[in-house]
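Letter by letter, the chains look like this.
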Protein chains: 2
Amino acid sequence: EIAELLDSQTSSQLLAGKKVIITAGPTREHIDPVRYMSNHSSGKMGYAIAEAALKLGAEVCLVSGPVNLNAPTQASLHKVNTAEEMLSAVMAEVQDCDIFIGCAAVADYKPTQAVDHKIKKSNIELTLTFVRNPDILASVAALPKPPFTVGFAAETQNVAQYAKDKLARKKLDLIAANDVSRSDIGFNSDENALTLYWADGEQPLAKANKQQIALQLLEAVAQRFNQKHS
Amino acid sequence: EIAELLDSQTSSQLLAGKKVIITAGPTREHIDPVRYMSNHSSGKMGYAIAEAALKLGAEVCLVSGPVNLNAPTQASLHKVNTAEEMLSAVMAEVQDCDIFIGCAAVADYKPTQAVDHKIKKSNIELTLTFVRNPDILASVAALPKPPFTVGFAAETQNVAQYAKDKLARKKLDLIAANDVSRSDIGFNSDENALTLYWADGEQPLAKANKQQIALQLLEAVAQRFNQKHS
């Protein structure tokens, strides 16, 4: 029991005094007043990371898209719908932030123009055009004094290659790769398995519940963060 | 109290021996393994109608898109995602059905082709084409021996005119018109206000919680149903 207590005390120090921003859940991009485009992110992974960061002593700011989860009460919660709202909320908080974890499944595209009345189904075919949304992760990593920036890569094919490309291209400090073609992990599941990549290393996190994965992820992040600032 | 008891006993007879199918919630149309198009229907109105129909003695079959609500345990529940799945579930149950209430916000369009891997965001612009989904309400009303068929019209403009057109065009027995441009009622709200239209009449249901609106709607439906079969 003493060992456990020491363990929990040691681990509770890991992120003490650090401000961590975590984005979670999907974003919704409005097509018209009733229709939207979104994705299957449940927010469970991001919320688990927020819980774990609080356990490790961090000050946590959780920027969340629409999900059906209860946020940890000690976190400062910002609820948003669109990617642009998420970017604004992140930018308002990022100045004094030490670690940014972009876990949200931000919609890559938004409709070219959202219409303010419901589109009528007059045609056999409907064509919608979309333009790129702001890239929140890249925007944070490109700041003059960026926080330690962690991204996620949720992919269905060539997961490792795509994750390493994204790490370099967006100038991230660490990326967590997620194979979402597996139905037993990832989106909407209570379990996950990740592989972490950074500039000169990698670490697999074997399938476990999202709470355990979140703690292991943050332990790796804290280690890399300390190395970067030592 | 005796009057109340009589009232509740009378009202409990209203749909006794009747099989009622209710569709509820949105549908989700898959664009790729992670992205989908959907709408803001919470399912609250359809679930309230299912509860109310059970109170009035009906046998209830609830065909529901993805929502975060608990279905009444006495209802037979069919969970679906897409409009095509909803149509199949309805058609499997409709043979011996007396009353069909299409309360779901069925997606009018589905992607021309769903892709089985995640679309990469390689382009500045993305164009998606959609084709019309099956029209569940019209399919039910066009059956050789259709049940008493009730539709909803959720509109943001010209609500009354559009509702009456839809009533005639789809050969419905009754339609409930819903002005979803009002933020205090309709989608995601706990309250609603409807105007009911049928071939030779109409009836406004003033703003109330969705449970009360559901009971008033079913009372009007039972009355018109009995008139049609007398």
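Scroll up a little and you will see the structure.
Here is what the cut-offs are and how they apply
- Residues numbered from 1 in each chain as written.
- Chains lettered and ligands numbered in written order.
- Predicted model: local features only at pLDDT ≥ 70, side-chain atom pairs only at ≥ 80, totals over all residues.
- Heavy atoms only, no water.
- Helix = DSSP H or I, 4+ residues; strand = E, 2+ residues; numbered from the N terminus.
- Buried < 20%, exposed > 50% of the residue type's maximum accessible area, 1.4 Å probe, protein only.
- Contact = heavy atoms within 4.5 Å.
- Areas by Shrake-Rupley, 256 points an atom, 1.4 Å probe, with all protein chains shown as cover.
- Lys, Arg positive; Asp, Glu negative; His and termini not counted.
- Charge placed at Lys NZ, Arg CZ, Asp CG, Glu CD.
- Axes fitted to C-alpha atoms, helices over the stretch in contact; angles between N-to-C directions.
- Parallel < 35°, antiparallel > 145°, perpendicular 65-115°, else oblique.
- Left-handed = near helix turned anticlockwise from the far one by under 90°.
- Nonpolar A, V, L, I, M, F, W, Y, C, P; charged D, E, K, R; others polar.
- Buried area = accessible area lost by both parts, 1.4 Å probe.
- Salt bridge = Lys/Arg side-chain N within 4 Å of Asp/Glu carboxyl O.
- Polar contact = N/O pair within 3.5 Å; in protein donor to acceptor, adjacent residues only side chain to side chain.
- Pairing = 2+ DSSP bridges.
- Least-squares fit on C-alpha atoms with pLDDT ≥ 70 in both.
- Expected span 1.5 Å × (residues − 1).

## Overview of the overall build of chain A
Phase 1 of the analysis: Looking only at helices and strands, one finds six helices and twelve strands in chain A.
Phase 2 of the analysis: On the principal axes, the C-alpha backbone points of chain A span a range of 70 × 35 × 35 Å.
Phase 3 of the analysis: Looking at the 230 residues of chain A, the share that counts as buried comes to 52%.
Phase 4 of the analysis: Nonlocal contacts in chain A, meaning residues at least 24 apart in sequence, comprise 60% of its contacts between residues at least 6 apart.
Phase 5 of the analysis: Of the roughly 10700 Å² that chain A leaves accessible, carbon and sulfur atoms contribute 47%.
Phase 6 of the analysis: For chain A, the separation between the mean place of its 23 positive charges and that of its 26 negative charges on side chains is 6 Å.

## Description of the packing of helix α2 (residues 44-55) of chain B against helix α6 (residues 210-228) of chain B
Residues and elements named next belong to chain B.
Phase 1 of the analysis: As a packed pair, α2 and α6 sit with axes 8 Å apart at the nearest point and diverge in direction by 60°. Looking at the two axes, α2 sits oblique to α6. Remark: the crossing between α2 and α6 carries right-handed chirality. Across the interface between the two elements, Lys 44, Met 45, Ala 48, Ile 49, Ala 52 and Ala 53 from α2 touch Lys 210, Gln 211, Ile 213, Ala 214, Leu 215, Leu 217 and Leu 218 from α6.
Phase 2 of the analysis: By residue class, the composition of the contact of α2 with α6 is ten nonpolar, one polar and two charged.

## Quick notes on the interface of chain B and chain A
Phase 1 of the analysis: Residue-level contacts link 38 residues of chain B with 38 residues of chain A.
Phase 2 of the analysis: Summed over both sides, the interface of chain B with chain A buries roughly 3700 Å², with 51% coming from carbon and sulfur.
Phase 3 of the analysis: Taken together, the connections running from chain B to chain A amount to two salt bridges.
Phase 4 of the analysis: Across the salt bridge formed by B:Arg35 and A:Asp108, the nearest N and O atoms sit 2.5 Å from each other.
Phase 5 of the analysis: Put simply, chain B and chain A have nine residue pairs in polar contact (both at pLDDT 80 or more) between them.
Phase 6 of the analysis: Every element with two or more residues in the side of chain B that touches chain A is listed here: β3 (35-39), β8 (125-132) and β9 (148-155) of chain B.
Phase 7 of the analysis: Here the residues of the side of chain B that touches chain A are counted per class, giving 15 nonpolar, twelve polar and eleven charged.

## Looking at the sheet that holds strand β4 (residues 59-64) of chain B
Residues and elements named next belong to chain B.
Phase 1 of the analysis: Read across the sheet, eight strands follow the order β5-β4-β1-β6-β9-β10-β11-β12 without closing on themselves; strand pairing throughout is mixed. One side of each edge strand has no neighbouring strand; the edge strands of this open sheet are β5 (76-79) and β12 (201-209). On average, each strand axis in the sheet is tilted by 15° relative to the strand beside it, whichever way the strands run.
Phase 2 of the analysis: The pairing of strand β1 (residues 19-24) with β4 spans six bridges and is classified as parallel. Paired with Thr 23 across the strands is Val 63, a residue of β4.
Phase 3 of the analysis: Packing against the sheet, helix α3 (residues 83-93) makes contact with β1, β4, β5 and β6 (99-102), and its axis sits at approximately 175° to β1.
Phase 4 of the analysis: Against the sheet, α6 contacts β6, β9, β10 (174-179), β11 (191-198) and β12, and its axis sits at roughly 160° relative to β12.

## Considering the relation of the copies chain B and chain A
Each of the two chain copies can be generated from the other by rotation about an axis followed by a shift along it.
Phase 1 of the analysis: Relative to chain A, chain B is turned by 180° and slid 0.0 Å along the rotation axis, the superposed coordinates differing by an RMSD of 0.0 Å. Here the two chains are linked by the operation of a two-fold rotation axis. In terms of proximity to the rotation axis, the leading residue of chain B is B:Met37, whose C-alpha is 2.2 Å off the axis.
Phase 2 of the analysis: The share of interface residues of chain B whose copies in chain A are also at the interface is 100%, consistent with both copies meeting through the same surface.

## Examining the side chain of A:Thr27
Residues and elements named next belong to chain A.
Phase 1 of the analysis: Mapped onto the fold, Thr 27 is located in the loop between β1 (19-24) and β2 (29-30).
Phase 2 of the analysis: In terms of polar contacts, Thr 27 uses its side chain to reach the side chain of Glu 29, at 2.9 Å.
Phase 3 of the analysis: At 3.0 Å, the side chain of Thr 27 forms a polar contact with the backbone nitrogen of Ala 107.

## Digging into the pairing of strand β4 (residues 59-64) of chain A
All names here are of chain A.
Phase 1 of the analysis: Among the six residues that make up β4, five are buried, leaving the element largely enclosed by the rest of the structure.
Phase 2 of the analysis: Relative to strand β5 (residues 76-79), β4 runs parallel, the two being bridged by four bridges. Within β5, the residue paired with Val 63 across the bridge is His 78.

## Quick notes on α2(B)
All names here are of chain B.
Phase 1 of the analysis: Taking 1.5 Å of rise per residue, the twelve residues of α2 would be expected to cover 16 Å, and the 17 Å separating its terminal C-alpha atoms lies within 8% of that figure.
Phase 2 of the analysis: Among the twelve residues in α2, nine count as buried, and that is most of the element.
Phase 3 of the analysis: Burial in α2 covers these residues: Met 45, Gly 46, Tyr 47, Ala 48, Ile 49, Ala 50, Ala 52, Ala 53 and Leu 54.
Phase 4 of the analysis: Looking at the residues trailing α2, positive phi occurs at Gly 57, about 95°.

## Digging into the environment of A:Ala208
Residue and element names in this part refer to chain A.
Phase 1 of the analysis: Position of Ala 208 relative to the elements: it lies in strand β12 (residues 201-209).
Phase 2 of the analysis: Distance from Ala 208 to Leu 194, taken between C-alpha atoms, is 9.6 Å for residues 14 residues apart in sequence.
Phase 3 of the analysis: Ignoring anything within four residues of it in the chain, the contact list for Ala 208 reads Glu 191, Asn 192 and Ile 213.

## Topic: unusual backbone geometry
All names here are of chain A.
Phase 1 of the analysis: Although it is not a glycine, Asn 158 sits at a positive phi angle of roughly 50°.
Phase 2 of the analysis: Secondary-structure assignment places Asn 158 in the loop between β9 (148-155) and α5 (159-169).
Phase 3 of the analysis: By relative accessible area, Asn 158 is classed as exposed at 62%.
Phase 4 of the analysis: A positive phi is found at Lys 171, a non-glycine position, where the angle reads about 55°.
Phase 5 of the analysis: When you line up the elements, Lys 171 lands in the loop between α5 and β10 (174-179).

Interpretation note: all reported values are geometric properties and have no functional meaning in isolation.
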